[in-house]
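Each chain, letter by letter, is given below.
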Amino acid sequence: NESGLFNNLDSLSQVQTALLASPAWASSDVFKKLAAELGNNIFLLNFWQELFRPDQIYLIVLGEAKLARPIGGKPISYVLVKTSADGLEIVNSGKISALDAATSLKVMPPQPLQFFSTAWLPGESGWFLDFNESAKTFLNFFSDTAKFRPTGVIFVSQDGLSSLSLKEGLLFNAATPDWLAGLLQALSRKPDSRIVKMADSINALISAHKIQFYFENDFLKKFVSNSGWSVQTTSILREKEDVLGLAWVGDKEGLVTEMAEHKSEISEDGSVKIKLSLSLREAADNASVNYYKIYLPRGSQISKITGFSERKKIPKFDYASQGFSADTRLAKIAPLENNSSVDVFEETGLTVLGGWLNFEPDERKTVSVEYALPFNLALTNRGKYSFKIWRPHQVSDMPFRLIVAPQENVNILSLEPGGFISDNSGEYQGNLSQDLQLEAVLKFTP
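Residues numbered from 1 in each chain as written. Predicted model: local features only at pLDDT ≥ 70, side-chain atom pairs only at ≥ 80, totals over all residues. Heavy atoms only, no water.

A few points about the pattern of salt bridges
Rule in force here: Each reported salt bridge corresponds to a side-chain nitrogen of Lys or Arg within 4 Å of a carboxyl oxygen of Asp or Glu. Put simply, DSSP H or I for four residues or longer makes a helix, DSSP E for two residues or longer makes a strand, and each gets a number counted from the N terminus. For the exposure calls, accessible area comes from a 1.4 Å probe over protein chains only, and a residue counts as buried if that area is under 20% of its type's maximum, exposed if over 50%, partly exposed in between.
Under the definition given, this model contains 20 salt bridges. For Glu124, the salt bridge identified is with Lys74, shortest N-O distance 3.0 Å. You can see Glu124 sitting in the loop between helix H3 (96-102) and helix H4 (131-146) and its partner Lys74 sitting in strand E2 (residues 74-84), a full 50 residues away along the chain. For Glu124, a relative accessible area of 14% corresponds to the buried category. Across the pair Glu258 and Arg281 runs a salt bridge whose closest N-O atoms are separated by 2.7 Å. Taken as a pair, Glu258 in strand E7 (residues 256-266) and Arg281 in strand E8 (residues 272-281) lie far apart in primary sequence, 23 residues in all. Judged by relative accessible area, Arg281 falls into the partly exposed class, the value being 23%.

Describing empty space enclosed by the protein
Stated precisely, the cut-off is as follows: Here a cavity means grid points, on a 1 Å grid over the protein atoms only, where a 1.4 Å probe fits yet cannot get out; a pocket means an open set of points with protein on both sides within 12 Å along at least five of seven lines; lining residues are those with an atom within 4 Å of a point. Grid points are joined across faces, edges and corners, and a volume is the space filled by probe spheres set on the points. Under the convention adopted here, Pro, Cys and the residues Ala, Val, Leu, Ile, Met, Phe, Trp and Tyr are nonpolar, Asp, Glu, Lys and Arg are charged, and Gly plus all remaining residues are polar.
Applying the stated criterion across every chain, the model contains four cavities of 30 Å³ or more. In this structure, the largest cavity encloses a volume near 50 Å³. Residue lining of the largest cavity: Ala65, Gly72, Ser157, Asp159, Ala208, His209, Lys210, Arg391, His393 and Gln394, and that is the complete set. The residue makeup of the lining of the largest cavity, split by class, is two nonpolar, five polar and three charged.

What to know about the packing of helix H5 (residues 158-168) against helix H8 (residues 199-207)
Counted only if it meets this: Every axis in this analysis is a line fitted to C-alpha atoms, fitted for helices over the stretch in contact. Angles between the N-to-C directions lie between 0 and 180 degrees. Each angle gets one of four labels, with under 35 degrees taken as roughly parallel, over 145 as roughly antiparallel, 65 to 115 as roughly perpendicular, and the rest as oblique. Helix crossings are classified by the rotation of the near helix relative to the far one: an anticlockwise turn of less than a right angle makes the crossing left-handed, while a clockwise turn makes it right-handed. Throughout, a contact is declared for two residues whenever any of their heavy atoms are within 4.5 Å.
Where H5 contacts H8, the axes come no closer than 11 Å and their chain directions differ by 160 degrees. By the angle class used here, H5 and H8 are roughly antiparallel. The hand of the H5/H8 crossing is right-handed. Contacts between H5 and H8 involve Gly160, Ser163, Leu164, Lys167 and Glu168 from the former and Ser201, Ile202 and Leu205 from the latter. Each residue belonging to the contact of H5 with H8 can be placed in one class, and the counts come to three nonpolar, three polar and two charged.

Some points on the packing of aromatic side chains
Test applied: Only centres within 6.5 Å qualify two rings of Phe, Tyr or Trp (six-membered ring in Trp) as a pair; their planes then separate them into stacked at under 30 degrees, edge-to-face at over 60, and tilted for everything else. Each ring is checked for a lysine NZ or an arginine CZ that lies within 6 Å of its centre and within 35 degrees of its normal; such an atom marks a charge sitting over the ring.
Applying the stated rule across the entire model yields 24 aromatic pairs. Positioned above the aromatic ring of Trp127, the side-chain terminus of Lys293 is 3.6 Å from the ring centre.

Overview of H4
Think of an α-helix as turning once every 3.6 residues; residues three or four places apart then point the same way. Our working rule: The length a helix should cover is 1.5 Å for every residue beyond the first. Distance and chemistry together define a polar contact, namely a pair of N or O atoms within 3.5 Å, with one atom able to donate a hydrogen and the other to accept it when in protein, and with adjacent residues in sequence counting only for side-chain atoms on both sides.
An ideal rise of 1.5 Å per residue puts 22 Å on 16 residues; H4 measures up with 22 Å between its terminal C-alpha atoms. Burial analysis of H4 places twelve of its 16 residues in the buried class, which makes it a mostly covered element. For H4, every residue scored as buried is listed here: Phe131, Asn132, Glu133, Ser134, Ala135, Thr137, Phe138, Leu139, Phe141, Phe142, Ser143 and Asp144. Check the buried side of H4 and you find it contacts strand E1 (57-64), E2, H3, strand E4 (152-157) and strand E5 (211-215). Regarding H4, its N-cap is Asp130, as a side-chain oxygen of that residue lies 3.1 Å from the backbone nitrogen of Asn132 further along.

With respect to the sheet that holds strand E13 (residues 350-359)
Applied cut-off: One requirement defines pairing of two strands: DSSP has to find at least two bridges between them.
Across the sheet, eight strands lie side by side as E11-E12-E13-E9-E6-E15-E20-E17; this open sheet has mixed pairing. Edge strands, defined here as strands with exactly one partner in the open sheet, are strand E11 (334-336) and strand E17 (410-416). Each neighbouring strand pair of the sheet contributes to a mean axis angle of 30 degrees, computed without reference to strand direction.

Looking at the nonpolar core
What counts, and what does not: Grouping buried Ala, Val, Leu, Ile, Met, Phe, Trp, Tyr and Cys residues that are joined through side-chain atoms within 4.5 Å yields what is termed a nonpolar core.
Ranked by size, the top nonpolar core spans 46 residues in total, and within it Tyr292, Ile294, Tyr385 and Phe400 carry the most contacts. Other than its neighbours up to four places away in sequence, Phe400 contacts Met259, Ala260, His262, Phe387, Ile389, Tyr428, Gln429, Gly430, Leu432 and Leu436.

Overview of unusual backbone geometry
In this structure, the amide linkage connecting Glu416 to the following residue, Pro417, adopts the cis form with an omega of -5 degrees. Considering the arrangement of structural elements, one finds Pro417 in the loop between E17 and strand E18 (420-422). Even without being glycine, Thr348 reaches a positive phi, approximately 45 degrees. Within the secondary structure, Thr348 is located in the loop between strand E12 (339-347) and E13. Unusually for a residue other than glycine, Asn424 sits at a positive phi of about 55 degrees. Within the secondary structure layout, Asn424 lies in the loop between E18 and strand E19 (425-432).

Some words on the confidence of the model for the protein
Under the convention used in this document: Every residue gets a pLDDT, meaning the predictor's confidence in that residue, from 0 to 100.
Considering every residue of the protein, the mean pLDDT works out to 90; 90% of them sit at 70 or more. In the model, residues 1-6 has pLDDT below 50 throughout and makes six contacts with residues more than four positions away in sequence or in other chains.

What about the pairing of strand E3 (residues 87-95)?
Strand direction decides the pairing type here: E2 and E3, joined by eight bridges, are antiparallel. Each bridged residue has a counterpart across the sheet, and for Leu80 the counterpart in E3 is Asn92. Count of turn residues in the E2/E3 antiparallel hairpin: two residues.

Digging into helix H6 (residues 179-188)
Filter applied, for reference: Each direction from the helix axis to a C-beta atom contributes to the arc, which is the arc of those directions.
Among the residues of H6, Trp179, Leu180, Gly182, Leu183 and Ala186 are the ones counted as buried. In an axial view of H6, the angular spread of the buried residues amounts to 160 degrees, which keeps them on one side of the axis. Residues of H6 that are buried in the fold lie against E1, E2, E3, E4 and H5.

Re a nonpolar patch on the surface
Applied cut-off: Patch definition: residues with relative accessible area over 30% and no salt bridge; like charges joined within 9 Å; nonpolar side chains (Val, Leu, Ile, Met, Phe, Trp, Tyr) joined within 5 Å. All accessible-area figures derive from a Shrake-Rupley calculation using a 1.4 Å probe, and residue coverage is judged against the displayed protein chains alone.
On the surface, a cluster of nonpolar side chains totalling about 290 Å² of accessible area is made up of Phe52, Leu88, Ile90 and Leu184. By the element assignment, Leu88 lies in strand E3. Since its relative accessible area comes to 35%, Leu88 is described here as partly exposed.

With respect to the sheet that holds E4
With mixed pairing, the five strands of this open sheet are ordered in space as E3-E2-E1-E4-E5. Of all the strands in the sheet, just E3 and E5 have a single pairing partner and so form its edges. Between one strand axis and the next, the sheet turns through 20 degrees on average, direction left out of account. Across the sheet, H4 is in contact with E1, E2, E4 and E5; its angle to E5 comes to roughly 65 degrees.

Okay, structure coming up:
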């Protein structure tokens, strides 16, 4: 509120300036840490102040994570909110199916989505793993129907809401379009001290990308990017970094990636060959058809891929004669040179492998990919191999194993955080409750 902490941000900034100007700052790790933490907190408070600046309109989208989509789940309902000095005002709410029926925007969908629907609809707007791009797609559809454009999108996973309700004792129905009104009423019944203690639960949902943010305000956009509060494949990749993203679109719920193993063989010339193995399972009560996407560093050279089903036949439709426009963000999808049942294309700065996976109830499959990174590591005395994997959007956390296997004349010195070294091999194992960034330190010997 106007008389609360936000009014004292200038004072906090003055304290930070005084710390940085102190003679002790340059020689004291304690002062450096204190100044850094204060700076982070000021940045966070500025974010909340800007977020709740009066008369901002945000679109909050609820997604069903069991119906997997690269955005984090199939959008099922929405709430339109407006900020005011008194908090949030709910302007409107509804089901995504109503937006699907009302949209007049005629955009040719990505080729695999044409199997599920001739037109690209709001309910299938979450095609991109990069949340910014999926959010823009949804805003385009919504603004065409509503005739105005909200200034941001907040995507919330329904299973995340349910877990928050259970953990924090919040009584509301997360399965209805008016879930936000129920949540706000439940929060109003809690003492302020209890709401403050919910921060850890909410941060866990954000870290797992069960809540994601997109804003058209530059300051808010920068904060979300710097904080990793949404999956952004285009802005956080470092030079010569190995990355992995997994996402899929299905007609039924139940597909789960049960395990991913990523083995990196590093040669003395700095080249890196990858062997990726994915274990997948369908739920016991569903058969499903899925289009599965594997995101790799742009330009990766694919040598072998197995495990995908036969290519689905896409119904023919003359989009040009029906007045459909093309989305310039969609690159051409082409069959992989050494496996015609698999697609290869570029998306938001990455190379994507895509293929169909048909499952019977309770069926398991394994997908294997072998490829070489499009760059060599620097041959320094303490060379570095950096790897990032985005947590897959599914209800359960995915077990993951990274193996760093140096070849002749290469030694591994460390694998951090949380890895271990044995017989000149590095290994990390864990469940991905959030994105993971690992770095191996290597010694190349002539």
